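# Chains, contacts and geometry: an overview
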Amino acid sequence: MRLSVDGKAVEIEADPDMPLLWALRDLAGITGPKFGCGIAACGACTVLIDGIPVRSCSLPVGQALGEITTIEGISTGGKLHPVQQAWLDEQVAQCGYCQAGQIMSAVALLDEIADPTDADIDNAMGGNLCRCGTYPRIRAAIHKAAALKQAGA
Amino acid sequence: MGRVAKIARRTFLIGAAVVAGGAAFGYWTYRRPYPNPLEDDLAEGEATFNPFVKIASDNTITVIAPRAEMGQGISTTLAAFVAEELDVTLDKVTVEHGPASYAYYNAVITEEGGGFYFWDDSRVAEAVRSVLGGVAKVMGLQGTGGSTSTRDGYDRMRQAGAAARMMLVAAAAARLGVRPDELETDNGTIVHRASSRSVTYGEVAIDAGKLDVPDAVTLRDKAQWKLLGKPQPRVDMLAKVTGAPIFGIDVTQPDMLFGTVRMSPVFGARPVRSDLSKAEAMPGVMKIVPIETSYGSGFGVIAQNTWAAFKAAEAIDVEWGKPSNPADTNAIMKTIMDAAAKGSASAMRDDGDVDAAFADAPADRVIEAEYSVPYLSHAPMEPMNATARLKDGVLDVWSPNQMPVLVRWFCGDIAGVPLDKVHVHTTSMGGAFGRRGEMDFSLYATLLAMHADGRPVKVTWTREEDMRVGVYRPAAGGRFRARIGDDGSPVAVDMRISAQNMMDSIMSRWFPSLPGGATDPAITDGSHNQPYTIPNYRVASIAAPLTIPVSFWRSVGNSVNGYFHEAFMDEIAHAGGVDPVELRRRLMANHPAALAVVNKVAEMSNWGETLPAGTAKGFAFTLSFGSWCGQVIQVADTPAGIKLEKMWIAVDVGTAIDPGIIDAQLVSGAIYGLSAAMGQQVTFKDGMVEQSNFHDFDAMRMFQCPDFEVAILENFHRMGGVGEVGTPPAAPALANAIFALTGKRIRSLPLDREVRFA
């Protein structure tokens, strides 16, 4: 089975029913997406498929057609993605476990809405759970990332 | 009765527990200096100065921050202690957790086990603190919990940095042929200004590491701090925004296998019938192993990948034994409420004469209430997991845990491997909140590794397993009454609070052969030790006769008692016709630190202002883990339900080491408490936990999160913790705000059984 992950072809032997998350983590060694619930309830496993945020714990790998982007693939040429830079600037993460998923949802949001309102953020981020309670800083970082992106950072 | 006698009547519980544990070590004596564990494992060109500092000739400075990094930022703060005195910025430092070692004992974790009020500075209180801190040292108890890590590291890790710096300067002086007092340090370089010569730390590290450790060090004055007292960029932030493999669940070793467990969801029950054949025949499954430990009975699966292990565990056909506790929530809560009503009580606080004060009280001046809270799951984002390898008589355990020396001991014991051949690698943690103080996940990985022919096995639990076969915040119930005086202040307050004895539950898992039965201060922690002065004031603790596995959950007893005490105090204020904040000012007048916090949060929130229709505020205060915390929350009635608009927090931490991290922790603690208060409960049916995942045990989401404003005060003369102190006042502040908004007094959590949240 061939997947396209972060711009690279990945060859794996997997039961097509295996969730994409476990194929990435256990078979392809891509551990950036995290396991949190297995039922698409927490968002820790979020990756983008052709730019759309997807809960990889609940998508069979056999259906993961398209270009898969994980947290490990959004920095380009040694430069952090504006969302990652904003997360660093705002010192968002605490335990950090949910942040790969939070960041991927935020990347997708900003690709769709360049300058999201608080209501847009609420709508886009409601599926990503954080038990440390970093929500206020996530909100600030998304606004910051929007500004960084518009400034061409 | 004198204070000492009263204290003696309480049990020195935490001390007793660790002494009991310490008996197993036996030979450790208080004065024995622990060897530096870094000496065993130095790389070429690397020197170590003490258990906290390594410097290599290429100028790599490694600081050991030997506490669990579970999100609270402790690796940054502990590294800053060393860096401050070593005179380097944090970006020059590599921070590691380091090995499990007695050298990393946490003295503060046991210090407050004597039950003295935090504000009690008497010689007796101080002496007991010193003795109990010594207990942790004797045991070499390396542990993270009780919001103690910063307090514990404050002196020791600054001293470690200062001593290393002195040794580096001495070595540089010898190298340059000058006196040490002619030299200055500047961010990793030692400079001789007079001759414009300099050497780097790395250049003299090997020489310096051979010098004797100085007998005494002088620490920098607070006024000269360059890093401490100011927000530092967290040392783990880059890894966490790039998806780096830092968590236990990310551990990858050559030739690694994968696994999971399926343990009895009926606590204490064994399988009465099982058929493994279907599970064993599933693709990718290698072995299914029975598991039997002090944590429970069940099965472990070894497989080619985690998904195959999950599927096989689910396919195990098994019938479990009968529950030894009442089988459903109603019966369990009845046991607790009956204990609160009639059980034999120990008074944890008993000021004045409460019985006399109620005996002649006019009925219309007495209020009574019953409160209860449910069991709760910790539910950290990263499900329980660990990785282990047993090869050539050496056991390696990669474990996201809060108790490394106990993990080393327990896993070595179960595998029959001597302690010096057990290596515990403590990873970063995707949340813990107390859950990772347990040994179960490390033990299970070790047990499966014993069946893996020397290959490492990464054992990951499903979320369902994590939630249904965990350890829980104990449920609790209480009966409360107060006599209101003519001025509206309480003349007498009487609290009878019941919950399971948590220390007994922990002892049954950690040291099952040792007897329990000591009074557990956690049952009333947050009610019996609050800075209120009330003439007749009794707080009684009653152990509930249940054996559901319970454990430390962020803020422990304070998570229960913060709500009980402060919601009832709000009832007292309303019954007496006194503003709730004004009542606190009266009752806390003897405690300037508390008063300052109350006044600050009232000022920040503009308490007393006229609010728009459909909005209201609630207030609560808890002194916990040495920090004084007041919170005000504003809520609004909206068509979608009650919305949490804004929370103001004032906290006195004594000395604020990193205001950025303190701010984050106070908000984090509050959100954790609000999440539980709004909607979380663990309930039971047929002897099993009913909740299984985030669909039925959810937490606050982004769209529910209020704005926050935090003020950090430094009035009290002793330092407090920060990791847990935001949690206890959150539930009562919200419940009190909902009363102000709706007139509905909710005396049982979670609140969403009575009101709807937006």
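Residues numbered from 1 in each chain as written. Chains lettered and ligands numbered in written order. Predicted model: local features only at pLDDT ≥ 70, side-chain atom pairs only at ≥ 80, totals over all residues.

## Remarks on the overall build of chain A
Scanning chain A from terminus to terminus reveals five helices and five strands. Scanning chain A from its N terminus toward the C terminus, one meets helices and strands in the order β-β-α-β-β-β-α-α-α-α. Relative to the compact-globule value of 15 Å for 153 residues, chain A shows a C-alpha radius of gyration of 15 Å, a close match. Pairs at least 24 apart in sequence give 61% of the contacts found in chain A among residues at least 6 apart. (Helix = DSSP H or I, 4+ residues; strand = E, 2+ residues; numbered from the N terminus. Rg over C-alpha atoms; globule rule 2.2 N^0.38 Å. Contact = placed C-beta atoms within 7 Å.)

## So, the overall build of chain B
In terms of helices and strands, chain B carries 21 helices and 27 strands. Rg of the C-alpha trace for chain B: 27 Å, near the compact-globule value of 27 Å for 758 residues, within the 12% margin. Once the C-alpha set of chain B is aligned to its principal axes, its extents read approximately 85 × 75 × 55 Å. Long-range pairs, those at least 24 residues apart, make up 79% of the contacts in chain B between residues at least 6 apart in sequence.

## Some remarks on the sheet that holds strand 1 (residues 46–50) of chain B
Residue and element names in this part refer to chain B. A sheet is described by the order of its strands in space; here four strands give the open sequence 1-2-3-4, paired in mixed fashion. Across the chains shown, the open sheet's two edge strands, defined by having one partner strand only, are strand 1 and strand 4 (93–96). Across the sheet, the mean angle separating the axes of adjacent strands is 25 degrees when strand polarity is ignored. Across four bridges, strand 1 lies against strand 2 (residues 53–56) in antiparallel orientation. The partner of N50 across the bridge, within strand 2, is V53. Strands in contact with helix 3 (residues 74–86) are strand 2, strand 3 (61–64) and strand 4; relative to strand 4, the strand with the most contacts, it is inclined by about 130 degrees. This element, helix 7 (residues 201–209), spans strand 1, strand 2 and strand 3 of the sheet and lies at about 60 degrees to strand 1. (Pairing = 2+ DSSP bridges. Axes fitted to C-alpha atoms, helices over the stretch in contact; angles between N-to-C directions.)

## Describing the interface of chain B and chain A
Many authors give the size of an interface as the accessible area that is lost as the parts come together. Across the boundary between the two partners, chain B contributes 49 residues, which contact 45 residues of chain A. Looking at the side of chain B that touches chain A, the elements with two or more residues in it are helix 8 (237–241), helix 10 (306–315), helix 20 (659–679) and strand 27 (707–713) of chain B. For the side of chain B that touches chain A, the per-class residue count stands at 26 nonpolar, 15 polar and eight charged. (Nonpolar A, V, L, I, M, F, W, Y, C, P; charged D, E, K, R; others polar.)

## Quick word on the packing of helix 6 (residues 149–176) of chain B against helix 7 of chain B
Two numbers describe a pair of packed helices, the interaxial angle and the distance between the axes. Residue and element names in this part refer to chain B. Where helix 6 contacts helix 7, the axes come no closer than 8 Å and their chain directions differ by 95 degrees. Taken as axis vectors, helix 6 and helix 7 run roughly perpendicular relative to one another. Mapping the contact onto sequence places M167, L168, A170, A171, A172 and R175 in helix 6 and Y201, V204, D207 and A208 in helix 7. (Parallel < 35°, antiparallel > 145°, perpendicular 65-115°, else oblique.)

## Description of the domain arrangement of chain B
Residue and element names in this part refer to chain B. Segmenting chain B into domains produces domain 1 (33–106 + 142–241), domain 2 (255–322 + 379–468) and domain 3 (343–376 + 472–753). Each of domain 2 and domain 3 has a C-alpha centre, and the two are 36 Å apart. With 15 residues of domain 2 in contact, the opposing surface of domain 3 contributes 17 residues. (Domains from an automatic or database assignment.)

## What about the pairing of strand 9 (residues 271–275) of chain B?
Residue and element names in this part refer to chain B. Counted residue by residue, strand 9 has zero buried out of five residues, so it is predominantly exposed. Here strand 9 pairs with strand 12 (residues 317–320) via four bridges, running antiparallel. Note that in strand 12 the partner of P271 across the bridge is W320. (Buried ≥ 20, exposed ≤ 12 C-beta atoms within 10 Å, placed from the backbone.)

## Topic: the sheet that holds strand 10 (residues 285–293) of chain B
Residue and element names in this part refer to chain B. Ordered by their spatial adjacency, seven strands build an open sheet running 10-11-8-18-15-16-17, and the pairing between neighbours is mixed. Each having just a single partner strand, strand 10 and strand 17 (422–426) make up the two edges of the open sheet. Looking at each pair of strands side by side, their axes are set apart by 20 degrees on average, direction ignored. Pairing of strand 16 (residues 394–399) with strand 17, which is carried by five bridges, proceeds in the parallel orientation. Looking at the pairing, W398 lines up with H425 of strand 17.

## A short note on the confidence of the model for chain B
Residues and elements named next belong to chain B. With 96% of its residues at a pLDDT of 70 or more, chain B has an overall mean of 94. Here residues 1–31 is a poorly scored stretch, pLDDT under 50, and it has 51 contacts once near neighbours within four places are set aside; other chains count. Taken over the whole predicted complex, pTM reads 0.96, whereas the ipTM for its chain interfaces reads 0.98. (pLDDT = per-residue confidence, 0-100.)

## Some remarks on the domain arrangement of chain A
All names here are of chain A. If you check the domain split of chain A, you get domain 1 (2–73) and domain 2 (82–150). Taken over C-alpha atoms, the centre of domain 1 sits 20 Å from the centre of domain 2. At the interface, 15 residues of domain 1 touch 13 residues of domain 2. Contributions of two or more residues to the side of domain 1 that touches domain 2 are made by strand 3 (46–49) and strand 4 (52–55). Of all the elements, strand 3 adds the most residues to the side of domain 1 that touches domain 2, at three residues. Among the residues forming the side of domain 1 that touches domain 2, the class breakdown is nine nonpolar, five polar and one charged.

## Some words on the environment of R435(B)
Residues and elements named next belong to chain B. On the secondary structure map, R435 appears in the loop between strand 17 and helix 14 (440–449). For the pair R435 and G470, spaced 35 residues apart in sequence, the C-alpha to C-alpha distance is 8.2 Å. With near-sequence residues (within four places) excluded, R435 lies in contact with H378, P380, G470 and V471.

## Comments concerning the environment of V124(B)
Turning to its location among the elements, V124(B) is positioned in helix 5 (residues 123–139). For V124(B) and T683(B), which are 559 residues apart along the polypeptide, the C-alpha to C-alpha distance reads 43 Å.

## What to know about the pairing of strand 8 (residues 257–263) of chain B
Residues and elements named next belong to chain B. Among the seven residues in strand 8, seven count as buried, and that is most of the element. On strand 8, burial covers both faces: L257, G259, V261 and M263 on one face and F258, T260 and R262 on the other are all buried. Strand direction decides the pairing type here: strand 8 and strand 18 (residues 457–460), joined by three bridges, are parallel. Within strand 18, the residue paired with L257 across the bridge is V457. In terms of strand pairing, strand 8 meets strand 11 (residues 296–303) through six bridges, oriented antiparallel.

## A word on the packing of helix 13 (residues 404–415) of chain B against helix 14 of chain B
All names here are of chain B. Put simply, helix 13 and helix 14 touch, their axes get as near as 9 Å, and they point 30 degrees apart. Between helix 13 and helix 14, the crossing angle belongs to the class labelled roughly parallel. Our pair here, helix 13 against helix 14, has a crossing hand that is right-handed. Packed against helix 13, whose contacting residues are V407, F410, C411, I414 and A415, the element helix 14 presents S442, L443, T446 and L447 at the interface. Here the contact of helix 13 with helix 14 is composed, by residue class, of seven nonpolar, two polar and no charged. (Left-handed = near helix turned anticlockwise from the far one by under 90°.)

## Let's talk about helix 10 of chain B
The buried count for helix 10 of chain B comes to eight of ten residues, which makes it a mostly enclosed element. Along helix 10 of chain B, the residues that are buried comprise T306(B), W307(B), A308(B), A309(B), F310(B), K311(B), A312(B) and A313(B). Looking at the buried residues of helix 10 of chain B, the elements they touch are helix 1 (20–27) of chain A together with strand 8, helix 9 (277–280), strand 10, strand 11 and strand 18 of chain B.

## Digging into the nonpolar core
Residue and element names in this part refer to chain B. By size, the foremost hydrophobic cluster in this structure holds 305 residues, and its most contacted members are V63, I649 and L734. If one sorts the elements of this core by residue count, helix 20 sits on top with twelve residues. Excluding residues that lie within four positions of it along the chain, I649 makes contacts with V601, C629, Q631, L666, A670, F708, V710 and G726. (Core = buried A, V, L, I, M, F, W, Y, C linked by C-beta atoms within 7 Å.)

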